[in-house]
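# Coordinate analysis (summary)
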Amino acid sequence: MNPFECKPQKADKIFTSWNKVLVKPYDKNTVDPYTRLRVILMSGTEFESVRFSHAFTRHCANNDVRRRLAFMRRGEQIQQKRVAGLKPANESILEHTIGYEQLAVDLTANLALSEKNSYVKKQLDFALLEDFDHLYRYADLMELEKGGDPAKLVGNYTEIMPGRPTVAEYRHPYDDVNFYINCHLNDVKTKLNVNIITAAEQQTMNFYMNVGNLYASPLGRKLYNEIAMIEEQHVTGYGCLKDPTATFWENLLMNEYTECYLYYSCFMDEKDERIKKIWEMHFEEEVAHLHEAAELLKTYEGKVWQQVFPDGGAFPELLKFRSQKEYIREVLKSVRLTGVEEGWEELAKVPDGFRYFGYNSHINGNVNTVGTHLVIDKAISQFQKDYRLQNKEHPVRVLADRTQDNVDVGRVKGK
């Protein structure tokens, strides 16, 4: 499939009445977990498109361009509201959060497996270990508060057990800044992967920032705020991978191409026939946006779209949500890695005076009082063991004990 070769529909066809925007939500009790993940993914993708378009407008003095951006942005807003409307009102904040973290885990794993750039892959694997741990801690909160069934929410796709303990994830801000990748020297799949994961993590960070103060229990509020800070670190790391030398026009074209790619991937992979039609409709609408972006690139920057997509514009291998339990288990063996400048290093090899230790100690304070530890400690106290969903024993021996939350691995040298 090459979206540049598709005949675009009239751009204003996307404007429609509210009864065609506010669609029927999915049934949270019967929805396939990966359908829920696609809804979260595409809502975040639309958020990123709107965010970028507003930033572009605020850096552009030409009102003719601003009008065309506003026209496209209004269409993106309609799409976002239709996608967001698929979430049912009776799906709680915590239930939706389990979906966010399952998305972070399985999306990252699937992207990492397709990634050819070793540096980008290392960042994906590194953050994957942390999102995996977040899923585990939110699941234990759900079990404590009887707020739902984590196993039912994730299906048979994703295991739930500790990753790099969240208390070990707080690094000095300097060490979440990565090198950027040259967009002209990397293939389209790498550029897509960076675009997709940055938008997804940005959406997760925004979600936690918005709902953290709405959560009812003090323990839940602590958990959301603490994990939201890690999502900030992830957005910094992933965002730094994007090429800052790419122009606004090139980025606009790449964003629209990313949306086309994702909607087409969702369409091809979706099991729910009703929602499948929405993905198809949005793909067709995004093709119109893509062609508009190509025209703007040519008019205002004198470039043709082939200069941004020298391989011809055909989609690479589509994104398919598939269970990656064994891959994740292999990645889990790297829980003792930490960030060092623009790279990663085993904690045991980091000098004792490195800034990580002072920063992490300062942020956590008494590690036994932080929410991400307390949620597991309370679960063990109440149920005699933590909540997990695993096919076999944890691949990291020090994290296999279900009667004690390990707050040292990846944080204390020699542990």
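Preceding block: the structure.
Figured I'd write up the structure that's included with this text. The model shown is predicted, which means the values in this text are computed figures rather than measured ones.

### A closer look at helix H8 (residues 248-269)
Helix length check: H8 (22 residues) gives 31 Å between terminal C-alpha atoms against 32 Å at 1.5 Å per residue, within 8%. Burial analysis of H8 places 20 of its 22 residues in the buried class, the great majority of the element.

### Overview of the environment of Glu342
For Glu342, the position within the fold is in the loop between strand S1 (337-340) and strand S2 (343-346). In this structure the C-alpha to C-alpha distance between Glu342 and Tyr119, which are 223 residues apart in sequence, comes to 9.9 Å. Discounting residues that sit within four places of it in the chain, Glu342 has contacts with Tyr119, Val177, Asn178 and Phe179.

### Structural notes on the packing of aromatic side chains
In the structure shown here, the tally under the stated rule is 30 aromatic pairs. Summarising the aromatic geometry, the rings of Tyr138 and Tyr224 are spaced 4.9 Å apart at their centres and angled 50° between planes, so their arrangement reads as tilted. Highlighted residues: Tyr138 in helix H4 (residues 118-145) and Tyr224 in helix H7 (residues 218-241), separated in sequence by 86 residues. Aromatic side chains Tyr215 and Tyr224 sit 5.3 Å apart centroid to centroid with 35° between the ring planes, which places their arrangement in the tilted category. A single burial state applies to Tyr215 and to Tyr224, both of which are buried. Chaining the aromatic ring pairs together yields one cluster made of Phe4, Tyr257, Tyr261, Tyr264, Phe267, Phe283, Trp305, Phe309 and Phe315.

### Overview of the environment of Gly371
Its place among the elements puts Gly371 in helix H12 (residues 371-383). Judged by its relative accessible area of 0%, Gly371 falls in the buried class. Placed 261 residues apart in sequence, Gly371 and Asn110 show a C-alpha to C-alpha distance of 30 Å. Excluding its chain neighbours within four sequence positions, the residues that come into contact with Gly371 are Leu219, Lys222, Leu223 and Glu226.

### Some points on the packing of helix H1 (residues 33-58) against H8
Contact geometry of H1 with H8 gives a least axis separation of 11 Å together with a crossing angle of 165°. It follows that H1 is roughly antiparallel to H8 by the angle criterion. Relative to H8, the crossing made by H1 is left-handed. In contact with Arg38, Leu41, Met42, Thr45, Glu46, Ser49, Phe52, Ala55 and Phe56 of H1, H8 contributes Phe248, Trp249, Asn251, Leu252, Asn255, Glu256, Glu259, Leu262, Tyr263, Cys266 and Asp269. Looking at side-chain class alone, the contact of H1 with H8 contains eleven nonpolar, four polar and five charged residues.

### Description of the nonpolar core
Counting residues in each nonpolar core, the largest one holds 108 residues, and the members touching the most others are Leu41, Leu107, Leu252, Leu253, Tyr257, Trp279 and Phe309. Here this core gets 15 residues from one element, more than from any other, and that element is H4. Among all residues touching Leu107, those that are not within four sequence positions of it are Leu41, Gln102, Ile196, Ile197, Ala200, Leu319 and Phe321. Residues Leu347, Phe354, Tyr356 and Phe357 belong to the second largest nonpolar core, which totals six residues.

Parameters at a glance
- Residues numbered from 1 in each chain as written.
- Predicted model: local features only at pLDDT ≥ 70, side-chain atom pairs only at ≥ 80, totals over all residues.
- Heavy atoms only, no water.
- Helix = DSSP H or I, 4+ residues; strand = E, 2+ residues; numbered from the N terminus.
- Expected span 1.5 Å × (residues − 1).
- Buried < 20%, exposed > 50% of the residue type's maximum accessible area, 1.4 Å probe, protein only.
- Contact = heavy atoms within 4.5 Å.
- Phe/Tyr/Trp six-rings, centres within 6.5 Å; stacked < 30°, edge-to-face > 60°.
- Axes fitted to C-alpha atoms, helices over the stretch in contact; angles between N-to-C directions.
- Parallel < 35°, antiparallel > 145°, perpendicular 65-115°, else oblique.
- Left-handed = near helix turned anticlockwise from the far one by under 90°.
- Nonpolar A, V, L, I, M, F, W, Y, C, P; charged D, E, K, R; others polar.
- Core = buried A, V, L, I, M, F, W, Y, C linked by side-chain atoms within 4.5 Å.

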